[in-house]
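The lines below spell out each chain.
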Amino acid sequence: DSLIDSNLAITFSLVFALGIIAAVKRFLDASGILAAGIIGIIVGIGGHWTWLAILLIFLIAGSFATRWSYDEKDAMGLAEAREGARNWTNVIANGGAPALVSIIAWFSTDSIVWAAPFLAAVAVASADTLASEFGVLDPRVRMIISGTHVAAGTNGGTSPTGQLAAAGGSLFIAFLGCILLTLFGNGFESDMVRVFCVVSLMGWTGCQVDSILGALFENRGLMTKGQVNLASIAFGAGATYLLLALV
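Residues numbered from 1 in each chain as written. Predicted model: local features only at pLDDT ≥ 70, side-chain atom pairs only at ≥ 80, totals over all residues. Heavy atoms only, no water.

(A) Region of the structure containing the overall build of the chain. When its secondary structure is counted, the chain shows nine helices and two strands. Counted from the first residue to the last, the chain has its helices and strands arranged as α-α-α-α-α-α-β-β-α-α-α. If you line up the chain on its principal axes, its C-alpha atoms span 55 × 45 × 30 Å. By residue count, 47% of the 247 residues in the chain fall in the buried class. If the 11 positive side-chain charges of the chain are averaged to one point and the 16 negative ones to another, these points end up 8 Å apart. (Helix = DSSP H or I, 4+ residues; strand = E, 2+ residues; numbered from the N terminus. Buried < 20%, exposed > 50% of the residue type's maximum accessible area, 1.4 Å probe, protein only. Lys, Arg positive; Asp, Glu negative; His and termini not counted. Charge placed at Lys NZ, Arg CZ, Asp CG, Glu CD.)

(B) Geometry of the packing of aromatic side chains. Evaluated as defined, the whole model comprises five aromatic pairs. Look at tryptophan 51 and phenylalanine 118: their rings are 4.8 Å apart centre to centre, the planes differ by 25 degrees, and that puts the pair in the stacked class. Linking tryptophan 51 in helix α3 (residues 49–67) with phenylalanine 118 in helix α6 (residues 115–135), this pair joins segments that are 67 residues apart in sequence. Judged on exposure class, the residue tryptophan 51 and its partner phenylalanine 118 are both buried. (Phe/Tyr/Trp six-rings, centres within 6.5 Å; stacked < 30°, edge-to-face > 60°.)

(C) The arrangement of the pattern of salt bridges in detail. Counted under the stated rule, the structure contains three salt bridges. Of the charged contacts, one joins arginine 140 and aspartate 138 as a salt bridge, the two residues approaching to 2.8 Å between their closest N and O atoms. A salt bridge links arginine 194 to aspartate 191; its shortest N-O distance comes to 3.3 Å. (Salt bridge = Lys/Arg side-chain N within 4 Å of Asp/Glu carboxyl O.)

(D) Looking closely at the packing of helix α5 (residues 88–107) against helix α9 (residues 225–246). Close contact between α5 and α9 brings their axes to 8 Å; oriented N to C, the two are set at 30 degrees. Crossing handedness for the pair α5 and α9: right-handed. Every residue of α9 that contacts α5 at Ile92, Ala93, Asn94, Gly96, Ala97, Pro98 and Val101 is listed here: Gly226, Asn229, Leu230, Ile233, Ala234 and Ala237. Each residue belonging to the contact of α5 with α9 can be placed in one class, and the counts come to nine nonpolar, four polar and no charged. (Axes fitted to C-alpha atoms, helices over the stretch in contact; angles between N-to-C directions. Left-handed = near helix turned anticlockwise from the far one by under 90°. Contact = heavy atoms within 4.5 Å. Nonpolar A, V, L, I, M, F, W, Y, C, P; charged D, E, K, R; others polar.)

(E) Quick peek at a nonpolar patch on the surface. A cluster of nonpolar side chains, namely Leu100, Ile103, Ile104, Trp106 and Phe107, defines an oily patch on the protein surface of about 550 Å² accessible area. Topologically, leucine 100 is positioned in helix α5. (Patch = residues over 30% accessible without salt bridge, like charges linked within 9 Å, V, L, I, M, F, W, Y side chains within 5 Å. Areas by Shrake-Rupley, 256 points an atom, 1.4 Å probe, with all protein chains shown as cover.)

(F) Structural view of the nonpolar core. The biggest cluster of nonpolar side chains holds 49 residues, and the ones touching the most others in it are Trp51, Ile54, Leu119, Phe188 and Val199. Breaking this core down by element, the ones donating at least two residues are α1 (2–24), α2 (30–46), α3, α5, α6, α7 (160–184), α8 (192–218) and α9. Looking at this core element by element, the count peaks at 10 residues for α6. When residues no more than four places from it in sequence are discounted, the contact partners of valine 199 are Ala116, Leu119, Ala120, Ala123, Ser170, Ala174 and Thr240. (Core = buried A, V, L, I, M, F, W, Y, C linked by side-chain atoms within 4.5 Å.)

(G) Molecular detail of the confidence of the model for the chain. In this model, the chain carries an average pLDDT of 90, and 94% of its residues clear a pLDDT of 70 or more. When the elements of the chain are averaged for pLDDT, helix α4 (residues 70–75) gives the smallest value, 78, and α8 the largest, 96. (pLDDT = per-residue confidence, 0-100.)

(H) Broad picture of the state of the cysteines. In total, this model carries zero disulfides according to the counting rule given. No disulfide involves cysteine 207; its nearest neighbouring cysteine sulfur is the one of cysteine 197, lying 19 Å away. Accessibility expressed as a relative area gives 4% for cysteine 207, which makes it buried. (Disulfide = S-S within 2.5 Å.)

(I) Looking closely at unusual backbone geometry. Positive phi outside glycine occurs at arginine 26, with the angle close to 55 degrees. Along the chain, arginine 26 falls in the loop between α1 and α2.

(J) Geometry of α2. Counted at 1.5 Å a residue, the expected span for α2 with its 17 residues is 24 Å, and the 24 Å between its end C-alpha atoms agrees. Residues of α2 that are buried: Gly32, Ala35, Ala36, Gly37, Ile39, Gly40, Val43, Gly44 and Gly46. (Expected span 1.5 Å × (residues − 1).)

(K) The packing of α3 against α6, seen in detail. One way to put it is that α3 packs onto α6 with a least axis distance of 9 Å and a crossing angle of 5 degrees. Judged by the inter-axis angle, α3 sits roughly parallel to α6. Residues Trp51, Ile54, Leu55, Phe58, Gly62, Ala65 and Thr66 of α3 touch α6, and the partners they reach there are Ala115, Phe118, Leu119, Val122, Ala125, Ser126, Thr129, Leu130, Glu133 and Phe134. Broken down by class, the residue content of the contact of α3 with α6 amounts to 12 nonpolar, four polar and one charged. (Parallel < 35°, antiparallel > 145°, perpendicular 65-115°, else oblique.)

(L) Just α6, in detail. Here α6 is 21 residues long and its end C-alpha atoms lie 29 Å apart, about the 30 Å a rise of 1.5 Å per residue gives. Among the 21 residues of α6, 19 are classified as buried, and the element is accordingly described as predominantly covered.

Shown next, in the form of structure tokens:
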């Protein structure tokens, strides 16, 4: 009971801190803060406060990436609106799958099994966000399914800078997540290296899935940006669960 009480206390403290940071730094608008708070509570209670901490790290890193060279991106017409303050739709698109994994973990008899898929979901979100925010500054953009040159910011377009940013974003979350979960949560113990490798790979792969879906469906109006994000993040989580179960 004391462990549950401490997890609840830390979870609500982190959600409160999230709201303060997001409001002061204008990472999220009012609707985004509300959605992030709800998702944060679900993640912290369904999984563990370390899961919420990982999500918070992603939010801060992604927001800094959004602000990086903002004026340049704004001049290109490719910057996020409202000076990068994300709203509830963006929060759901990136946090919906992690929240769903946390709900599954809550009902699971072995919640730690779902820690790696959760981590992968956040790794995909991180990879995609950093790839978009840094990659858009690289004019060497090619369509992922055809290899033809396209304008920066085109759905399905990839660039060398974007791919490096995607790998960095995935590795960043996988590394910090493995450390946090091992030190403070129910860690992966001897499987940490294997989990790190799978999560890192699936985080980057999920970003490629995002680009493919963008090229095939978003450009044709068959999926929205949020739906593409949600689908690719869910793919990363599901693939990680299957890979770790098989390997």
